[in-house]
Amino acid sequence: MDKLIIRRAAVLGAGVMGAQIAAHLANADIPVLLFDLAPPKGDKNGIVTKALAGLRKLEPAPLAEPERLQHIDAANYDENLPRLAECDLVIEAIAERMDWKRDLYARIGPHLKPGAIVASNTSGLSINALADTLPAALRPNFCGIHFFNPPRYMRLVEIIATRDSDPAMLDRLETWLVSGLGKGVVRALDTPNFIANRVGVFSMLAAMHHTERLGLGFDEVDALTGPAIGRPKSATYRTADVVGLDTLAHVVRTMAEQLPDDPWHPHFRTPDWLQALIDKGALGQKTKVGVFRKQGREIQVLDTGSGDYRPAAGAVAPEVAAILKNRNPAEKFAALRASDHPHAQFLWAMFRDVFHYCAVQLENIADNARDVDLALRWGFGWSQGPFETWQAAGWKAIADAVAADIAAGRTMSDAPLPGWVGTRNGVHEAAGSFAAARGSLAPRSSLPVYARQLFPERVLGEAADPRGETIWENEGVRLWHLPQVDAGIAIVSFKSKMHTVGDEVLDGLLAAVARAEAEFDGLVVWHEPPFAVGANLQQVSQACAAGQFDLLERTVEKFQRASQSLKYAQVPTVVAIQGMALGGGCEFAMHAGRRVLALESYVGLVEAGVGLIPAGGGCKEMAVRAAALAKTTATPGELFNFLQPMFQAVAMATVAKSAREAVNMGFARPTDTVLFNADELLWVAIKEARAMAEAGWRPPLKARGVTVAGRSGIASLEAMLVNMKEGGMISAHDYRVARAGAVALCGGEVEAGSQVDEEWLLTVERSLFMELLKTPETQARIQHTLETGKPLRN
């Protein structure tokens, strides 16, 4: 299969989705032309320029680093259409109007590069109908490519083929989306709203129906349909506010207009209260008022009875909360169905109607049940898809219960369950997932890109991936390898909760490095996210309470040795990072020979939050790197210029919000690998370790002549702290902690320009760490963090 090469892309439409799609393409090192209409007066690119400025303000940030914005060029349809000839990919993301899209396609057609892929980001219009507006020569390279909002963070992309789409083009596009943009791709059928929105919006309509039927408050329903059942915190009605009430109404209207024969068609309508909000301009988050609003610090919710807002205080009834805590899905669903409580009745009815809808519509909306489940996981943030949930609760028991409710007239539709439901014990098996239209099992995609995912996300009932061969383990780590991938590269994985670093992890890591040096060609540090959230504060707190400070200092020294072992191992060491790499996790990452980071990696030295400084080699490594950077400049004496941003990151416990930012902040290096698909981390890390070994890896020589800023550097950094303290921005203990960080980064109380070695720097940071650990203020911060999960300002 030929590789899809995208040298430049164009996005047509600078609205909310178009601008953010352009941002994510720029994140992936693809220059972008962002088009929109030229206003009748003023700057011809004014609409796009405003949209680009808005990208800087959006949260969560669509840009992996602010500098990415410079790779998006503003363009307009009046002047810049000839530049489409530069683009290998053109994504249309204008408003959901078939006539507008048809007119735009007619304008761009003559300017397209031969062989360029043209794709529509429509969320529900017919892709075949759109293709019919294109010249016949362009149709093989046209398809739907439906991103979810926000595009950087939402994993799902639905690809929708037309009757004329070139299969090879679709395979190349899927491969690029998976590896190049980090997406989970589902091939959807060309039906209204495709898969995720079809089922997800139906689920919201079902929730709205049963909210009204049972007389529940919107805040009650959100308490029921959020994390309590494995859904996002935004639940149902907050999700509607985030999406936009007008947008939701548009999707519902599309279903009503284009699905007249759907058995649930009578429910495809906008509730009166929702239409009333839209008519008033209360559209949700974008207008700061919708189902919910914020008055001062109080969150308020619409009360449909009074038509006014009241304080939001919805909670799950205790007896229903007890049912939901049952880890046996079959018992949980049986208890929900049997309960008389309105909260339980609501949940059973909502799940039942979604199961019913998915079973009836499976053959019409998706190739197979796995595609439905993954689409709802990736597009709506459900922890399990609808078919998985049904299968986990006992396929036949749920099917019988749904059928009984259909017969009793309790369901939203009287459509019977399809015949295949009664002949099966589930839809997911080791061999594949059920495809209703064919009556057979569909295996996973065989595209080569998926071979890079050694442990892909699986649905319930699929065959489990082999977990590799264990070489050695203790309570803290497991040392193992994957002979089918590379028997010569060892993998060490932390076993502690949240991968915190305690004695057992330190002992295990030291042993793993030694074992790798003796028996293997390289070592990879990898486990499921988070990478590591820092030291085991529980162990630290208990030792402080017992006055075991000598023991703690020995542990800190062991931590430093573990970090140094990663840096100076006689085999290449590669850390594979996804999610949080904080405190000690960041320090381990900094010391490895190479780093492979998922784009969504959040890296930082956050010890200041608990009244400490980095002492697992973090301050030492920052000082070494600053000295090395200073040597490469024309003014090597200006070491302070490199230390200052590092000090600010340590003192403020700043966390990089992406792997790109981690590189900019010095936690990773420009030569490190950043991946968009976290499922590829282990595969790439193993390949990197092998390449380093084959290239004759040798560890660096230990730095002996490290130039430090000494007392003058400390004084300069301290001057910043004085101003902050006098301005009431930091407390006295904040000052003390930050000054300790300054001393460690500047090499201790020595003359400016002194040359020291790494052991000196390690001793300085360890000594300062221990001084802080003995203070009541730091111990109070540690205890408060353990009890609340939040930092204490004292």
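Residues numbered from 1 in each chain as written. Predicted model: local features only at pLDDT ≥ 70, side-chain atom pairs only at ≥ 80, totals over all residues. Heavy atoms only, no water.

Colleague: Outline the nonpolar core, supporting the account with residue identities and numerical values.
Modeller: Where a protein is soluble and globular, its nonpolar side chains tend to be buried together. In terms of nonpolar packing, the biggest core is built from 129 residues, with Leu 25, Trp 176, Leu 177 and Leu 773 touching the most fellow members. No other element matches helix H27 (residues 732-745), which puts eight residues into this core. When sequence neighbours within four positions are dropped, the list of residues in contact with Trp 176 reads Leu 4, Ile 6, Leu 25, Ile 30, Leu 89 and Leu 181. With 113 residues, the next largest nonpolar core counts Phe 142, Phe 202, Phe 333 and Ala 436 among its residues. (Core = buried A, V, L, I, M, F, W, Y, C linked by side-chain atoms within 4.5 Å. Buried < 20%, exposed > 50% of the residue type's maximum accessible area, 1.4 Å probe, protein only. Helix = DSSP H or I, 4+ residues; strand = E, 2+ residues; numbered from the N terminus. Contact = heavy atoms within 4.5 Å.)

Colleague: Go over the sheet that holds strand E13 (residues 432-435), please, and point to the residues and values.
Modeller: In space, the three strands of this open sheet follow the order E12-E13-E14, with antiparallel pairing throughout. Of all strands in the sheet, those with a lone pairing partner are strand E12 (428-429) and strand E14 (440-442), marking the two edges. Contacts from helix H14 (residues 369-380) reach E12, E13 and E14 within the one sheet, and its direction differs from that of E13 by about 105°. (Pairing = 2+ DSSP bridges. Axes fitted to C-alpha atoms, helices over the stretch in contact; angles between N-to-C directions.)

Colleague: So, the pattern of salt bridges: which residues are in play, and what are the values?
Modeller: Enumeration according to the criterion identifies 56 salt bridges in this entry. Of the charged contacts in the structure, one is a salt bridge between Asp 88 and Lys 113, with a shortest N-O distance of 2.7 Å. Residue Asp 88 is found in the loop between strand E3 (72-76) and strand E4 (89-92), and its partner Lys 113 is found in the loop between helix H3 (98-108) and strand E5 (117-120); the two are separated by 25 residues along the sequence. When salt bridges that share partners are traced, they join Arg 155, Arg 377, Glu 388, Glu 457 and Asp 679 into one network. (Salt bridge = Lys/Arg side-chain N within 4 Å of Asp/Glu carboxyl O.)

Colleague: Break down the sheet that holds E3 for me, with residues and values.
Modeller: Pairing between the strands of a sheet comes from backbone hydrogen bonds, and it takes one of two forms, parallel or antiparallel. Here we have eight strands laid out as an open sheet, ordered E3-E2-E1-E4-E5-E6-E7-E8, and mixed in their pairing. In the strand order of this sheet, the two ends are held by E3 and strand E8 (184-188), each with one partner. The mean angle between the axes of side-by-side strands here comes to 25°, regardless of whether they run parallel or antiparallel. In this structure, strand E1 (residues 9-12) lies alongside E4, joined through four bridges in parallel fashion. Residue pairing across strands places Ala 10 opposite Val 90, the latter belonging to E4.

Colleague: Can you explain the side chain of Arg 352? Please cite residues and give values.
Modeller: With respect to the helices, strands and loops of the structure, Arg 352 is situated in helix H13 (residues 342-365). Setting aside chain neighbours within four positions, we find Arg 352 in contact with His 210, Val 402, Asp 405, Arg 410 and Thr 411.

Colleague: Can you tell me about the pairing of strand E18 (residues 522-525), naming the residues and giving the values?
Modeller: Going residue by residue along E18, you find Gly 522 and Val 524 tucked away on one face and Leu 523 and Val 525 tucked away on the opposite face as well. Once you follow strand E17 (residues 487-494) into helix H18 (residues 503-519) and on to E18, the crossover reads as right-handed. When E18 meets strand E19 (residues 573-582), the two strands line up parallel, connected through three bridges. By the bridge assignment for E19, Leu 523 is matched with Thr 573. (Right-handed = clockwise from strand over helix to strand, strands pointing away.)

Colleague: Can you lay out the packing of aromatic side chains for me, pointing to particular residues and giving the numbers?
Modeller: All told, the structure shown has 22 aromatic pairs when counted by the stated rule. Judged by centre distance (5.8 Å) and plane angle (70°), the rings of Tyr 105 and Phe 142 are edge-to-face. Of this pair, Tyr 105 sits in helix H3 while Phe 142 is found in strand E6 (residues 142-147), placing the two residues 37 residues apart along the sequence. A single burial state applies to Tyr 105 and to Phe 142, both of which are buried. Members of the aromatic cluster, each reached through a chain of ring pairs, are Phe 333, Phe 351, Phe 355, Phe 387, Trp 390, Trp 395, Trp 420 and Phe 434. Above the ring of Phe 292, the side-chain terminus of Arg 238 is found at 4.1 Å from the ring centroid. (Phe/Tyr/Trp six-rings, centres within 6.5 Å; stacked < 30°, edge-to-face > 60°. Lys NZ or Arg CZ within 6 Å of the ring centre and 35° of its normal.)

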